Every structure is written in C-alpha cells, then in structure tokens.
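Report on the structure
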Amino acid sequence: MSTLRHSGQLLWHTIAWRKQILFKQILLLCGLLFLASCATKPKQDYDVNYDFSVLKTFSQLSVKQTDDPLTADRINDDIKQTLLNQGYVFKADNADFLVSYAFVTENKEQDSGLSIGLGSGTWGSGGGISLGTSIGIPLGSDTAKTQTIQIDIIDPTDKRLIWRGNGQYHFDEGGEDKVKSINQTVAAILVQFPPQK
C-alpha cells in the first residue's frame, strides 16, 4: 500500500513538473507575442497626385523647440543626414522641397505587468492536492517616456504639405541610447519617402 501511495505521489509530481514546463513555455510565447504587438510601425500620408520623382534637392525650415533643444538638434541633424544618404542634395535656397518636423514627449502608458495563473489538481479518496502558479512580467518602468516625431515635406512654391511621416520610440533617460533611438526612428520614418505608389 505504501509503495502504491509512493508511486502515485511520484506520478503526480512528474505530471505537475511537466505542466509547469509547458506553462512556462506558453507564458514565454504569450509574452513575446504581447511585446511584439506593442511595437509601433512608422506611418505616412501623402498627396497621391504629387509627382515625387522630380524632387532632387531639399532645404530645412527652422524649427523652434525651446523645451528640449538637444532633441531638436539631434532630429534636425538626423533628418539632413538621412536625406543625404538617400541621394538628395542639400540646398539652402531654391530647393525642390522643404523639410520641417515636430516632436512631442509624453509619459509612457504604464503597464502593471502580465500575470497568468495556471492551476492543476488531483483528487483521490484521501483528499485533494492542487498546484497553482502565477508569474508576473514587468512591462514598464516609472520613468519611461514616449517620444513621437513627425516629419513634414512641403512644396516650396505654395507651401503645401505633400508628405507627412511619423514614428515613436520609448526611452528612460537621455544620452547615447536616446541618440541611437532618435536616429533609428528618423531613418524608419524617412525610409517611406518618397512614397511608393
């Protein structure tokens, strides 16, 4: 009888262990899918009747950003360098198109975390045993912020907006990581320009 009870307990522990492994794999997959769904892809809008193939040179409009001049300078420099890398030529006067931008910084929406509970149980004539597991995944921090960058392409003849792109990134503080994030975001926005009709 004792051997039978020991075998039953061993079998139960083996089943519970396998369920825990399966649960952790499912949880990891759910977490990865959730994080992937939170990523934002840059967006664009444009004048569908405009002939973008004639654009060869650009000039940048002065943008006044008094609250965060470091970010403003980084965005301005990254726009210029990205357009140069795309083959456009900078021209201070009489350019084919003008470039302007704006950005806004907001507190990132806080996530309390992802918590999933898994329960399994075995009941026999002598009573019940149950196993429960809950794991929390922190998805945000108290200092996280979201910065949205908008880039406008303007026709210089009538000052008409012909293309607009925007994207965003998250950051906790400034420095090298923020510089890299700005650079990547500007490049991701402008890779859509000119629009492929």
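This is a predicted model, so every value here is computed, not measured.

Definitions and cut-offs
Residues numbered from 1 in each chain as written. Predicted model: local features only at pLDDT ≥ 70, side-chain atom pairs only at ≥ 80, totals over all residues. Heavy atoms only, no water. Helix = DSSP H or I, 4+ residues; strand = E, 2+ residues; numbered from the N terminus. Contact = heavy atoms within 4.5 Å. Salt bridge = Lys/Arg side-chain N within 4 Å of Asp/Glu carboxyl O. Buried < 20%, exposed > 50% of the residue type's maximum accessible area, 1.4 Å probe, protein only. Phe/Tyr/Trp six-rings, centres within 6.5 Å; stacked < 30°, edge-to-face > 60°. Lys NZ or Arg CZ within 6 Å of the ring centre and 35° of its normal. Expected span 1.5 Å × (residues − 1). Arc of directions from axis to C-beta. Core = buried A, V, L, I, M, F, W, Y, C linked by side-chain atoms within 4.5 Å.

A few words now on the environment of Ile79. Within the fold, Ile79 resides in helix H2 (residues 69-85). In this structure, the C-alpha to C-alpha distance between Ile79 and Tyr101, residues 22 residues apart in sequence, is 9.0 Å. The residues contacting Ile79, other than those within four sequence positions of it, are Gln60, Val99, Tyr101, Ile151, Val186 and Leu190.

Once that is clear, we can look at the pattern of salt bridges. Under the definition given, this model contains four salt bridges. With a shortest N-O distance of 2.5 Å, Asp47 and Arg160 are connected by a salt bridge. Taken together, the residues span a long stretch of sequence, with Asp47 in the loop between strand E1 (43-46) and strand E2 (57-60) and Arg160 in strand E8 (residues 160-171) at a distance of 113 residues. Under the relative-accessibility criterion, Arg160 is labelled partly exposed at 32%. With a closest N to O distance of 3.2 Å, Arg160 and Asp158 form a salt bridge. By sharing partners, the salt bridges in this structure join Asp47, Asp158 and Arg160 into a single network.

Moving on, we come to the packing of aromatic side chains. The description of an aromatic ring pair uses the distance of the two centres, along with the angle that the planes make with each other. Tallied over the full model, the rule gives 10 aromatic pairs. Each ring, one from Tyr88 and one from Phe97, has its centre 5.3 Å from the other, and the planes form 85°; the classification is edge-to-face. Phe97 shares its class with Tyr88; the two are buried. Joined through ring pairs, the aromatic side chains of Tyr46, Tyr50, Phe52, Phe58, Tyr88, Phe90, Phe97, Trp163 and Phe193 make up one cluster. Stacked on the ring of Phe90, the Lys or Arg Lys80 has its end atom at 4.1 Å from the ring centre. Over the ring of Phe171 we find Lys178, and its NZ or CZ is 4.5 Å from the ring centre.

Now for H2. The end-to-end C-alpha distance of H2, which contains 17 residues, comes to 24 Å, matching closely the 24 Å that a straight helix rising 1.5 Å per residue would cover. Turning to H2, its buried residues are Thr71, Ala72, Ile75, Asp78, Ile79, Thr82 and Leu83. Buried residues of H2, seen end-on, are gathered within an arc of 135° and therefore sit on one face of the element. For H2, exposure combined with an orientation more than 90 degrees from the buried face picks out Leu70 and Asn85. Contact partners of the buried residues in H2: E2, strand E4 (97-107), strand E7 (145-155) and helix H3 (176-190).

Attention shifts here to the nonpolar core. Within the largest apolar cluster, 25 residues are counted, with the highest numbers of intra-cluster contacts made by Ile79, Leu83, Phe97, Ile149, Ile151 and Phe193. Among the elements of the structure, H2, E4, E7, E8 and H3 are those that each provide at least two residues to this core. When near neighbours in sequence (up to four residues on either side) are disregarded, Leu83 contacts Phe58, Tyr88, Phe97, Val99, Leu190 and Phe193.

Shape descriptors only; they carry no functional weight alone.
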